[in-house]
Amino acid sequence: RDYYSATSPLLSSGGSSSGAAVTIAHGSSLLSIGTDTGGSLRLPAAWTSTVGFKPTYGTFSRYGVVSYASSLDTVGFVTGSVERTDCSRESLAMCIPGRFWWSLFA
């Protein structure tokens, strides 16, 4: 058994957005969106050797996000590389605050 694999059933990626990091580490998706208040997106990314991004407060709309600590809550994402993170950041930053990001693709 590979005890150090990000997808090992013996390990936990931790954090409330750990599913986002695991889908990237597993190769199931190229971009996963989650929320980050105190590291719940960035720490699982670090533990799964992926890239977690917590943007500056207000960069992406929090519309629809249940607030835990309003001044710290942000919508971020996990990708597999720094290059993909930069491309995703530029693409998602074009969204109009208050609109769902997927409406751009409809």
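The structure displayed is predicted, hence computed values, not measured ones. (Residues numbered from 1 in each chain as written. Predicted model: local features only at pLDDT ≥ 70, side-chain atom pairs only at ≥ 80, totals over all residues. Heavy atoms only, no water.)

## With respect to the pairing of strand E3 (residues 74–79)
One face of the sheet, then the other: side chains in a regular strand alternate in exactly this way. What counts, and what does not: To sort residues, take the accessible area from a 1.4 Å probe on protein chains only and compare it with the maximum for the residue type: under 20% means buried, over 50% means exposed, and anything in between is partly exposed. Only DSSP runs of H or I with at least four residues qualify as helices, and only runs of E with at least two residues qualify as strands; both kinds are numbered from the N terminus onward. Pairing between strands is defined by DSSP: at least two bridges between the two strands are required.
Among the six residues in E3, six count as buried, and that is most of the element. Burial along E3 is two-sided: the residues Thr74, Gly76 and Val78 and Val75, Phe77 and Thr79 are all buried. Pairing of strand E1 (residues 31–36) with E3 involves six bridges; the strand directions are antiparallel. Opposite Leu31, over in E3, you have Thr79 as the bridge partner.

## Some words on the nonpolar core
Our working rule: By nonpolar core is meant a set of buried Ala, Val, Leu, Ile, Met, Phe, Trp, Tyr and Cys residues that side-chain atoms within 4.5 Å join together. What makes two residues a contact is simply this: any of their non-hydrogen atoms within 4.5 Å.
Grouped together as the largest cluster of nonpolar side chains are six residues: Ala20, Ala21, Ile24, Leu41, Ala45 and Val78. When neighbours within four sequence positions are excluded, Ala21 is seen to be in contact with Pro44, Ala45, Thr48, Thr50 and Val78.

## Points about a nonpolar patch on the surface
The test is simple: Nonpolar side chains (Val, Leu, Ile, Met, Phe, Trp, Tyr) are joined into patches within 5 Å and like charges within 9 Å, using only residues with over 30% relative accessible area and no salt bridge. The Shrake-Rupley method, run with a 1.4 Å probe, gives the accessible areas here. Residue values count only the displayed protein chains as cover. One speaks of a salt bridge when a side-chain nitrogen belonging to Lys or Arg is within 4 Å of a carboxyl oxygen belonging to Asp or Glu.
On the surface, a nonpolar cluster with roughly 240 Å² of combined accessible area is contributed by Leu30, Leu31 and Ile33. With respect to the helices and strands, Ile33 occurs in strand E1. Overall, the relative accessible area of 33% leaves Ile33 in the partly exposed class.

Keep in mind that these numbers describe shape and distance, not what the molecule does.
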